[in-house]
Amino acid sequence: MMEPLTIALSKGRILPQTVALFRRAGLEVPEDLDESRKLILPSADGRLRFILAKPVDVPTYVEYGAADLGVVGKDVLLEARRNLYELLDLGIGRCRMCLCGLPDLVWRTHRVASKYPHIAADYFRDQGKQVEVVYLNGSVELAPLVGLADAIVDLVETGRTLKENGLVIHEVIAPITTRMVANRMSFRLKGEAIDRVTQALQRVVGGGDSC
Ligand code: PRP
């Protein structure tokens, strides 16, 4: 029996959609993967082994080869800057990385708050703008409302969080979707097994209408 292919899935928001996509692709996903507290779940046919990790940790598991494949948002990949192969756009978890703030954005503090400091810093470097990036771990929309920062760089999905807090999008920095990534060594050594999974998913991934 061949060693199973280890796939790191992101826990949380995109997990149910990821599981649905894998099942539609005919890939065997353990029954209880969504509800279980288990962190390692082998498929019944023994070909796949799923590990459940925090989204920000998925690129780490894959780069170090603890997982052969990973399913994670492009936001996390852009921020993590890990050395991985990006194999497939799964077309789920569709949202946008945006610069947001009050409608009359004024640069007072010259600070921007973000859970994505690298993405924010890259963006302002490209703009040739001198801005200090302040890292926050969540509820970033609060920062411009209380004077911690002039603006934020954050994900916008439905726009509801912005709307309910009186904020608007000033610029779309990047469209974001969930991607499948591979460890570089696994890609060479387990090419056949990885191809099987990639091709199965490719067949069911929706058309690439933009964000
Ligand atoms: C994300 C993101 C926004 C919100 C956008 O936060 O950071 O705050 O969702 O979604 P919307 O446009 O549909 O309102 P998340 O819920 O992951 O929590 P966090 O703020 O703690 O990161």
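Placed above this text is the structure.
Residues numbered from 1 in each chain as written. Predicted model: local features only at pLDDT ≥ 70, side-chain atom pairs only at ≥ 80, totals over all residues. Heavy atoms only, no water.

Draft legend 1. Region of interest: the site of the ligand. Near the ligand there are 13 residues, and of these Arg 13, Glu 141, Thr 158, Gly 159 and Thr 161 occur at the shortest range. In the environment of the ligand, an oxygen atom lies 2.5 Å from a nitrogen or oxygen atom belonging to the side chain of Arg 13. Glu 141 places a polar side-chain atom, nitrogen or oxygen, 2.6 Å from an oxygen atom of the ligand. Those elements that place two or more of their residues in the shell around the ligand are strand E9 (151-156) and helix H6 (160-164). The class makeup of the residues in the shell around the ligand is two nonpolar, five polar and six charged. (Near = heavy atom within 4 Å. Polar contact = N/O pair within 3.5 Å; in protein donor to acceptor, adjacent residues only side chain to side chain. Helix = DSSP H or I, 4+ residues; strand = E, 2+ residues; numbered from the N terminus. Nonpolar A, V, L, I, M, F, W, Y, C, P; charged D, E, K, R; others polar.)

Draft legend 2. Inspection of the pattern of salt bridges at higher detail. All chains considered together, the criterion is met by 10 salt bridges. Here Asp 68 ties to Lys 190 by a salt bridge, and the two come within 3.1 Å at their closest N and O atoms. Of this pair, Asp 68 sits in the loop between helix H2 (58-63) and strand E4 (69-73) while Lys 190 sits in the loop between helix H7 (184-189) and helix H8 (191-204), and the two are 122 residues apart along the sequence. Look at Asp 68 and you get buried, because its relative accessible area is 4%. Residue classification places Lys 190 among the partly exposed positions, given a relative accessible area of 21%. The shortest N-O distance in the salt bridge between Arg 179 and Glu 86 comes to 2.6 Å. Placement of the pair is Arg 179 in strand E11 (residues 178-182) and Glu 86 in strand E5 (residues 85-89), with a sequence separation of 93 residues. Each member of the salt-bridge network shares a partner with another, and the members are Lys 74, Glu 86, Asp 89 and Arg 179. (Salt bridge = Lys/Arg side-chain N within 4 Å of Asp/Glu carboxyl O. Buried < 20%, exposed > 50% of the residue type's maximum accessible area, 1.4 Å probe, protein only.)

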